[in-house]
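This is what each chain is made of:
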Amino acid sequence: MMLAHLLAAPSPLRSRRGIDIDFPLLAGCLTLLGLGLVMITSASSEVAAAASGNPLYHMIRHLVYLAIGLGAGVLTLQVPMAFWQHHGPRLMLVAFILLVLVLLPGIGREVNGAKRWIGFGLFNLQPSELAKLFTVMFIAGYLVRRQDEVREKLMGFIKPMLVLGPIAVLLLAEPDFGATVVLVGSCIAMLFLGGINLLRFIPLAGAVLAAGVAVMTSQSYRMQRLTNFIDPWADQYGAGYQLSQALIAFGRGEWFGVGLGNSIQKQFYLPEAHTDFVFAVLAEELGMIGALVTVGLFVFVSVRALYIGLWAEKARQYFSAYVAYGLAFLWIGQVLINIGVNVGLLPTKGLTLPFLSYGGSSLVICCVSLALLLRIEWERRTQLGNEEVEFVESDFFDEEVRP
């Protein structure tokens, strides 16, 4: 019944003007998806041929993930933002349960010492990707429901911290330090834009710094990562091997690259060449120019997402605005950390590059995030969801949401 209501709701795919979506953002993200497919095909060919006998193995799997992601995106476009606002707390509970399940023996799948996946036969679900998306929706809904409390009372700041704290602990237990930093940073940025006094972040910053030091010093491999990225050549065949090979890839690329498919580093020199370090292979094959164009595309889609949030806020569609801000900060955080790791500015972290890296959960969530932003922009232009024109279907609201 609810699905029928959702599919019958107004949609940017069924408007009087035909398909009515933000084509600049769509074009930028589709370009990144296409570039990612090309680079994954190139970067994974040698590894795939050795592991499975088929050099296109990872490309085929990535195409399947891409089809699933685009399908999920099309379905997401049909869903009013009011639906996500209404079900935000339930989605937060789902994210929490999944993060607990992935840590349970026999359920979570361990790869390279980290339990970050739940296996479903041929596919793996990475709960942290869903947790980032659902947490952004929950925080956005909280900022709308508790607007006065957020801006005027200390408890308006403490309450979301009581939710973020357990989520961060579960992510660190996997361990997934990169996802923790991106999620917490994005939510803090959302809270700041929601009106929380900047002074209230000072104790939090101190606590986060202390926790970060404790986490980094609790395991020897984390300290090695922290020190080796400063000078990977001091142990270039040991702890600094991955970063030193990535830097060699950047050096070989020079200005215009060695040519598509001609990377040497992907031939078993650079570990995780098609996932965490796909940007290094891109820089080797397409050169500095190709790398800068790729960074420019990321800047464009991220800034466009921030503007979509700003436009929604001006239209008094506050939930949509905060969701757009949160999704933009998630993209920005992942891009900064992944590229920072690739070029040696940050310690090595297992964090994918949005739209480009190989990984089913990440790719699907990126497509869903894109669809949410397209939906937000369309609702803002058509005035759906603001205080003058609201959805009234009982499936979306139990009570009126005060802007």
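Here, the structure is the one placed above.
So what's going on with the packing of aromatic side chains? Residues and values would help.
For the structure shown, the criterion picks out five aromatic pairs. Arranged with centres 6.0 Å apart and planes meeting at 50 degrees, the rings of F250 and F279 form a pair that is tilted. Of the two residues, F250 is situated in helix α12 (residues 241-253) and F279 in helix α13 (residues 278-314); the sequence distance between them amounts to 29 residues. Overall, F250 belongs to the partly exposed group, its relative accessible area being 22%. Given a relative accessible area of 3%, F279 falls into the buried group. Seen in terms of ring centroids, W331 and F355 are 5.2 Å apart; in terms of plane orientation they differ by 75 degrees. Their pairing is edge-to-face. Linking W331 in helix α14 (residues 318-343) with F355 in the loop between α14 and α15 (360-382), this pair joins segments that are 24 residues apart in sequence. You can call F355 buried: its relative accessible area is 2%. If you follow R145 out to its NZ or CZ, it ends over the ring of F138, 5.9 Å from the centre.

Break down α14 for me, citing the residues and quoting the values.
Look at α14: 37 Å from first C-alpha to last across 26 residues, which is about the 38 Å you get at 1.5 Å a residue. Of all 26 residues making up α14, 22 are buried, and the element is well covered by its neighbours.

Any chance you could break down the sheet that holds strand β1 (residues 108-111) for me, citing the residues and the numbers?
Pairing is antiparallel in the open sheet, where three strands are placed in the order β1-β2-β3. Only two strands of the sheet have a single partner each, and these edge strands are β1 and β3 (123-125). For this sheet, the mean inter-axis angle between neighbouring strands, taken without regard to orientation, is 50 degrees. Bridge count for strand β2 (residues 114-120) against β3 is three bridges, and the pairing is antiparallel. Paired with I118 across the two strands is L125, which belongs to β3.

With reference to specific residues and values, describe the pattern of salt bridges.
Overall, the coordinates contain nine salt bridges when judged by the stated rule. A salt bridge links D22 to R304, with the shortest nitrogen-to-oxygen separation between them at 2.6 Å. You can see D22 sitting in the loop between α1 (2-8) and α2 (23-52) and its partner R304 sitting in helix α13, a full 282 residues away along the chain. Its salt-bridge partner being K266, residue E285 comes within 3.6 Å of it at the nearest N-O pair. Remark: K266 occurs in the loop between α12 and α13 and E285 occurs in helix α13; sequence separation between them is 19 residues. Residue K266 is classed as buried on the basis of its relative accessible area of 3%. One network of salt bridges, with partners in common, ties together D20, E377, R380 and R381.

An account of the environment of W378 is needed here, citing residue identities and associated values.
Here W378 is to be found in helix α15. Sequence-wise, W378 and S11 are 367 residues apart; in three dimensions their C-alpha atoms are separated by 8.4 Å.

Which residues make up the nonpolar core, and what values go with them?
Grouped together as the largest cluster of nonpolar side chains are 101 residues, with contacts concentrated most on L25 and W84. It is α14 that contributes the most residues to this core, 15 residues altogether. When neighbours within four sequence positions are excluded, W84 is seen to be in contact with T76, V79, L91, M137, F319 and L372.

Help me get a handle on the state of the cysteines, residues and values and all.
Following the criterion strictly, the structure yields zero disulfides and no others. No disulfide involves C367; its nearest neighbouring cysteine sulfur is the one of C366, lying 7.0 Å away. What makes C367 buried here is its relative accessible area of 4%.

Hey, could you go over a nonpolar patch on the surface for me, with residue numbers and the actual values?
On the surface, a cluster of nonpolar side chains totalling about 510 Å² of accessible area is made up of L56, I60, V64, I68, F120 and F123. When residues of the nonpolar patch are assigned to their parent elements, the largest contribution, three residues, is made by helix α3 (residues 57-77). As for its position among the elements, L56 is in the loop between α2 and α3.

Run through the packing of helix α5 (residues 88-101) against helix α8 (residues 155-173), naming residues and quoting values.
Viewed as axis vectors pointing N to C, α5 and α8 meet at an angle of 30 degrees, and their least axial separation amounts to 9 Å. Regarding the angle of α5 to α8, the classification is roughly parallel. For the crossing formed where α5 meets α8, the hand is left-handed. Contacts from M92, F96, L99 and V100 in α5 reach V163, P166, I167, L170 and L171 in α8. Split by residue class, the contact of α5 with α8 holds nine nonpolar, no polar and no charged.

Provide a residue-level description of unusual backbone geometry, including the pertinent values.
In this model, E174 is joined to P175 through a cis peptide bond whose omega is -5 degrees. Among the structural elements, P175 can be located in the loop between α8 and α9 (177-193). Although it is not a glycine, E254 sits at a positive phi angle of roughly 45 degrees. Locating E254 in the fold gives a position in the loop between α12 and α13.

Conventions used here
For every chain, the first residue of its written sequence is number 1, and the numbers climb from 1 along that sequence. Confidence filtering applies because this is a predicted model: local features only for residues at pLDDT of at least 70, side-chain atom pairs given and counted only at 80 or more, and all residues used for totals across whole chains, interfaces and linings. Note that the side-chain values use all heavy atoms of the structure and ignore hydrogens as well as water. Any pair of Phe, Tyr and Trp rings, taking the six-membered ring for Trp, is counted once the centres come within 6.5 Å. Such a pair is stacked with planes under 30 degrees apart, edge-to-face with planes over 60 apart, and tilted for the rest. By the criteria applied, helices consist of DSSP H or I runs no shorter than four residues and strands consist of E runs no shorter than two, each listed in order from the N terminus. Relative accessibility thresholds used throughout: buried, under 20% of the residue-type maximum; exposed, over 50%; partly exposed, between the two (1.4 Å probe, protein chains only). Over a ring means this: the NZ of a Lys or the CZ of an Arg is within 6 Å of the ring centre and within 35 degrees of the ring normal. Expected helix span is given by 1.5 Å per residue-to-residue step, counting one fewer step than there are residues. Each pair of strands is called paired provided DSSP finds at least two bridges between the two strands. To obtain an axis, a line is fitted to C-alpha atoms, over the contacting stretch when the element is a helix, and the angle between two such axes runs from 0 to 180 degrees between their N-to-C directions. Each salt bridge in this description consists of a side-chain nitrogen of Lys or Arg and a carboxyl oxygen of Asp or Glu lying within 4 Å of one another. Definition used in this section: a nonpolar core is a set of buried Ala, Val, Leu, Ile, Met, Phe, Trp, Tyr and Cys residues joined via side-chain atoms within 4.5 Å. Residue contacts follow a heavy-atom distance rule, with two residues in contact if any of their heavy atoms lie within 4.5 Å. The criterion for a disulfide is a pair of cysteine sulfur atoms lying within 2.5 Å. Patch membership is restricted to residues that have no salt bridge and whose relative accessible area is over 30%. Joining uses 9 Å for like charges and 5 Å for the nonpolar side chains Val, Leu, Ile, Met, Phe, Trp and Tyr. For every accessible area listed, the method is Shrake-Rupley and the probe measures 1.4 Å; residues are considered covered only by the protein chains on display. An angle below 35 degrees is treated as roughly parallel, one above 145 as roughly antiparallel, one from 65 to 115 as roughly perpendicular, and anything else as oblique. By the definition used in this description, the sense in which the near helix is turned from the far one sets the handedness, with an anticlockwise turn below a right angle giving left-handed and a clockwise turn giving right-handed. Nonpolar residues are Ala, Val, Leu, Ile, Met, Phe, Trp, Tyr, Cys and Pro. Charged residues are Asp, Glu, Lys and Arg, and all others, Gly as well, are polar.

All quantities given are derived from atomic positions and should not be read as evidence of function.
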